[in-house]
Amino acid sequence: MNPELSGILVSFAITLLIGIPLGKYLAKMFAGEKVWTDFMKPIENGIYKLSGISPNQPMDWKQFLKAMMVINSLWLVYGFFVLMYQDKLPLNPDGNPGMTPDLAFNTIISFVANCNLQHYSGETGATYLIQHFIFMFLQFTSAATGIACAVAVFKALRDKTTADVGNFWVYFVKSITRLLLPLSVVVALILTFNGTPASYAGKDKFISLQGDTVNVSRGPAAQFIAIKHLGTNGGGWFGANSAHPLENPNYVTNITEVVAQMIVPMAMILAFGYFIRRKKLGWVIFGVMAVGMFMLMIPTISSELGGNPAIAKMGVSQATGAMEGKEVRIGPMATAYWSTLTTIVSTGSVNGMHDSTMPLTGLWQLLGMMINSFFGGCGVGILNYLIYLIIAVFISGLMVGRTPEFMGHKVEAREVKIAALITLLSPFLILAGTAISSYVFNNYGNANWAVKPSSWLNNPGYHGFSEMLYENTSANANNGSGFEGLGDNNIFWNVITGLEILIGRFLPIIGPVAIAGLLAKKKFVPESAGTLKIDTVTFGIMTFAVIMVLNALSYFPALALGPIAEYFSMLK
Amino acid sequence: MKTLIQSIRLTLVLTVLLCIIYPVVISFAGKFSKGKGSGETIALNGKIVGYANEGQKFDKPQYFWSRPSAVGYNAAGSAGSNKGPSNPDYLKEVNSRIDTLLKYHPYLKRSDIPADMVTASGSGLDPDISPAGAQIQVKRVAQFRKLDEQKVAALVKENTEKPLFGPEKVNVLKLNVALDELK
């Protein structure tokens, strides 16, 4: 078999082999049952004690969300100031400067929100102190925040009637000690022994074979890259992210990183089924998501392998596929595979530049982020999917003329209103953001910002529009990848995407937790012959249709102006 | 207020665990890897001439060339070109790269040229070229160095890595170091 094809098949097989048992483990671990990692208990108890937390205290959904919001707000404020004054703090061997206030605003929101949209460049924009004490710290804690909130929803939906959704601190700490940290150690070691630097040494300098003087950025990157993927964060140590040969030195590390970013989102879906004791529902959701994933992945791979038609006309050989923005050691197929996964699970790390991919590839990347729940980010993927589930339950209920029920509780106006608002939020942020950016680009080309609007775009025409659409979509989806040609380090983009990330992160977390909390307090209605069964293939198809219809209606016009128009313009 | 104090204390405790203990342990383990956790270097005659995994600029006629780079192989500022596939300026640039290649390798047909030799990599630091990208340069390098073409071709073959999974590739720095050692 073609070694590139077998490469991605092996990647996917390893993902399943780890993801499925991990899902069972997570369900047991969060339910407090006996698991083999219980040896971590003394460490966790130590953490609770030092932090003044009583782990056995129950929380209702409001207390739970309050704890989550307080600690996240703390990180926002503290991180903002540290970023601005990073040049005056230690661990800055390369002498990098402090961030401007708008860049610090964008960057700290981006890392707190698990987005990692990076408007700075790793080599010159952040010191080692920032990379570890702010960025890497938040890569752990933002992923743990998402997972903790998902587990609260699991608990609310499992218990028949309860006000208690579980203790935020406990879910949060256990996500780190029982999941993210141990896996990070494993991944970081694999990376280190394959050539990713892990020492604190600063820049190196040497004279190359043909006589050029070369400065080489290095640093303790392996530790960072491990959690960047496991926590679906995606922020790179170096500017070029995982396309950088030190960040992703060979095919083994490429498989490791692409597997690492997929296993937790995948495991969380199955954990949901096992946790609420409806295994079949977990598998139905898993099936819907997998179908969605392949629907985006297969055309992506085919469009990249086909190469660039404009370059084909020049007569050179594109034997392996389109090569602009790609690395030889990884190849177009593994790059296309990665680009689908990184956009559906909201990692946003890249091993090749998305801006240079084919128009239709860009379309599938955008759609993956717009849907944002084919597996989705750590914890938040299942929360996003829950919103679609509620809408599907509601529509099905209307179709048969009954009060919709979900997990033994009546779904009433309040829950449906929350779900509808969250559904409308993404199109509003993405489309309004893109409209404002296009307006500013057209009418205020000479505004005196760090990058003038007239020179924002790296590409003319439809592709330029796609660059703006992609940036807004990536911010709302908390993805963090970009069509990086966009000149985004200026006050306009820093502020607008900062706000989009913030709203696009926290409302879609608060909404589902509130819905689950409200449902759990209601009287339990046992299943009867008239109950809509949600763990069936039919209902899975129904949910899939709801996802597709909602997203097609919301985004088709914008997609038609960008990637679709570019595709047809290249057919000539 | 109580929640805020708990948050501050938890942040401090986790900072010690996640930002000091974890990275220092990995950094220590890295000392036992190739390059001691600071990146694997390659030396010629006892002098460090580069990093095994990072590409460097090769555009002189006596060497095998590396791929085009959007940042001129600046290893302290990696980036791709981010040019879109339909960008007319970009397509012109690719065309002129083809012309340059044909000028220095007059024996080539356009269809001999693999795309990786005329497109910029994602990082701007791609250490590799495709085997076809190396083979088309054999004749030029051999002629310039007044070496036997067979010998240079054999060297390329020796330096072609065929991993179990993933594409075949040639590390340009390793190939050129081997070339310099040939004399």
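Residues numbered from 1 in each chain as written. Chains lettered and ligands numbered in written order. Predicted model: local features only at pLDDT ≥ 70, side-chain atom pairs only at ≥ 80, totals over all residues.

Digging into the overall build of chain A
Alright, step 1. Looking only at helices and strands, chain A has 18 helices and four strands in total.
Alright, step 2. Taking 2.2 N^0.38 as the reference for a compact globule, 572 residues should give roughly 25 Å; the C-alpha atoms of chain A span a radius of gyration of 23 Å, in line with that estimate.
Alright, step 3. Along the first, second and third principal axes, the C-alpha atoms of chain A reach 75 × 60 × 55 Å.
Alright, step 4. Among the 572 residues that make up chain A, the fraction classed as buried is 60%.
Alright, step 5. Relative to all contacts within chain A whose residues are 6 or more apart in sequence, the contacts with residues 24 or more apart total 78%. (Helix = DSSP H or I, 4+ residues; strand = E, 2+ residues; numbered from the N terminus. Rg over C-alpha atoms; globule rule 2.2 N^0.38 Å. Buried ≥ 20, exposed ≤ 12 C-beta atoms within 10 Å, placed from the backbone. Contact = placed C-beta atoms within 7 Å.)

Focus: the overall build of chain B
Alright, step 1. Scanning chain B from terminus to terminus reveals six helices and five strands.
Alright, step 2. Walking chain B from its N terminus toward its C terminus, one meets helices and strands in the order α-β-β-α-β-α-α-α-β-β-α.
Alright, step 3. Taken against the 2.2 N^0.38 rule, which gives 16 Å for 183 residues, the C-alpha radius of gyration of chain B at 22 Å runs more than 25% over that of a compact globule.
Alright, step 4. Looking at chain B as a whole, 48% of its 183 residues qualify as buried.
Alright, step 5. In chain B, the proportion of contacts linking residues at least 24 apart, taken out of those at least 6 apart, comes to 53%.

Considering the sheet that holds strand β5 (residues 169-171) of chain B
Residue and element names in this part refer to chain B.
Alright, step 1. Taken in spatial order, the three strands of this open sheet run β3-β5-β4, and their pairing is antiparallel. Each edge of the open sheet is held by one strand with a lone partner, namely β3 (128-129) and β4 (160-161).
Alright, step 2. Relative to β5, β4 runs antiparallel, the two sharing two bridges. Residue pairing for β5: Glu161 is matched across the bridge by Lys169.
Alright, step 3. Along the sheet, helix α6 (residues 172-181) contacts β3 and β5; its crossing angle with β5, the most-contacted strand, is approximately 60 degrees. (Pairing = 2+ DSSP bridges. Axes fitted to C-alpha atoms, helices over the stretch in contact; angles between N-to-C directions.)

Focus on the interface of chain B and chain A
Alright, step 1. Taken residue by residue, the interface counts 85 residues in chain B and 98 residues in chain A.
Alright, step 2. Elements with a minimum of two residues in the side of chain B that touches chain A: α1 (2-30), β2 (47-51), α2 (88-104), β3 and α6 of chain B.
Alright, step 3. It is α1 of chain B that contributes the most residues to the side of chain B that touches chain A, 20 residues altogether.
Alright, step 4. Across the side of chain B that touches chain A, the residue classes break down as 38 nonpolar, 34 polar and 13 charged. (Nonpolar A, V, L, I, M, F, W, Y, C, P; charged D, E, K, R; others polar.)

A closer look at helix α13 (residues 359-371) of chain A
All names here are of chain A.
Alright, step 1. Between the first and last C-alpha of α13 there are 19 Å, a value that for 13 residues agrees with the 18 Å anticipated at 1.5 Å per step.
Alright, step 2. Along α13, 12 of the 13 residues are buried, which leaves the element largely enclosed by surrounding structure.
Alright, step 3. Among all positions in α13, only Pro359, Thr361, Gly362, Leu363, Trp364, Gln365, Leu366, Leu367, Gly368, Met369, Met370 and Ile371 are buried.
Alright, step 4. Looking at the buried residues of α13, the elements they touch are α10 (279-305), α12 (331-344), α15 (413-443), α16 (461-476) and α18 (537-571).
Alright, step 5. Of the residues trailing α13, Asn372 is marked for its positive phi of about 55 degrees. (Expected span 1.5 Å × (residues − 1).)

Some remarks on the domain arrangement of chain B
Alright, step 1. The assigned domain composition of chain B is domain 1 (1-38) and domain 2 (41-181).
Alright, step 2. Domain 1 of chain B and domain 2 of chain B are separated by 40 Å when their C-alpha centres are compared. (Domains from an automatic or database assignment.)

Re the nonpolar core
Alright, step 1. Core analysis: the largest hydrophobic core is formed by 181 residues, its most contacted members being Phe64, Ala152, Val153, Leu180, Met268, Ile269 and Tyr337 of chain A.
Alright, step 2. Per-element accounting of this core gives the leading share, 20 residues, to helix α6 (residues 128-158) of chain A.
Alright, step 3. Residue contributions to this core reach at least three from each of two domains, namely domain 1 (1-38) and domain 2 (41-181) of chain B.
Alright, step 4. Residues contacting Val153 of chain A, with those up to four places away along its chain left out, are Leu383, Leu386, Pro512, Val513 and Ala516 of chain A.
Alright, step 5. In terms of nonpolar packing, the next biggest core, distinct from the first, is built from 34 residues, Leu209 of chain A together with Ile113, Val141 and Leu175 of chain B among them. (Core = buried A, V, L, I, M, F, W, Y, C linked by C-beta atoms within 7 Å.)

A short note on the environment of Ile98 of chain B
All names here are of chain B.
Alright, step 1. Relative to the helices and strands, Ile98 resides in helix α2.
Alright, step 2. Owing to 19 C-beta atoms within 10 Å, Ile98 belongs among the partly exposed residues under this scheme.
Alright, step 3. Considered as a pair, Ile98 and Pro114 are 16 residues apart in the sequence and their alpha carbons are 10 Å apart.

Remarks on the environment of Ala221 of chain A
All names here are of chain A.
Alright, step 1. Tracing the sequence through the fold places Ala221 in the loop between β2 (213-216) and α8 (222-230).
Alright, step 2. Look at Ala221 and you get buried, because 28 C-beta atoms sit within 10 Å.
Alright, step 3. Through-space distance from the C-alpha of Ala221 to that of Gly282 is 36 Å; in sequence the pair is 61 residues apart.
Alright, step 4. What Ala221 contacts, discounting residues up to four positions off in sequence, is Thr196, Pro197, Ala198, Trp237, Leu246 and Glu247.

Re the environment of Lys533 of chain A
All names here are of chain A.
Alright, step 1. Its place among the elements puts Lys533 in the loop between α17 (491-521) and α18.
Alright, step 2. Lys533 gets classed as exposed once you count the C-beta atoms within 10 Å, which come to 10.
Alright, step 3. Sequence separation of Lys533 and Val440 is 93 residues, and the distance between their C-alpha atoms is 49 Å.

Focus: helix α7 (residues 168-192) of chain A
Alright, step 1. Between its terminal C-alpha atoms α7 of chain A stretches 34 Å, which fits the 36 Å expected from 25 residues at 1.5 Å a residue.
Alright, step 2. Most of α7 of chain A is tucked away: 19 of the 25 residues are buried.

Structural notes on the pairing of β2 of chain B
All names here are of chain B.
Alright, step 1. In this structure, strand β1 (residues 41-44) lies alongside β2, joined through four bridges in antiparallel fashion. Considered in β2, the bridge of Thr41 is made with Tyr51.
Alright, step 2. In this structure, the hairpin formed by β1 and β2 is closed by a connection of two residues, where Asn45 is found at a positive phi of approximately 50 degrees.

Brief notes about unusual backbone geometry
Note: most residues except glycine have negative phi, and most peptide bonds are trans.
Residue and element names in this part refer to chain A.
Alright, step 1. For Asn241, which is not glycine, the phi dihedral falls at a positive 60 degrees.
Alright, step 2. Tracing the sequence through the fold places Asn241 in the loop between α8 and α9 (251-275).
Alright, step 3. The buried category is assigned to Asn241, around which 33 C-beta atoms lie within 10 Å.

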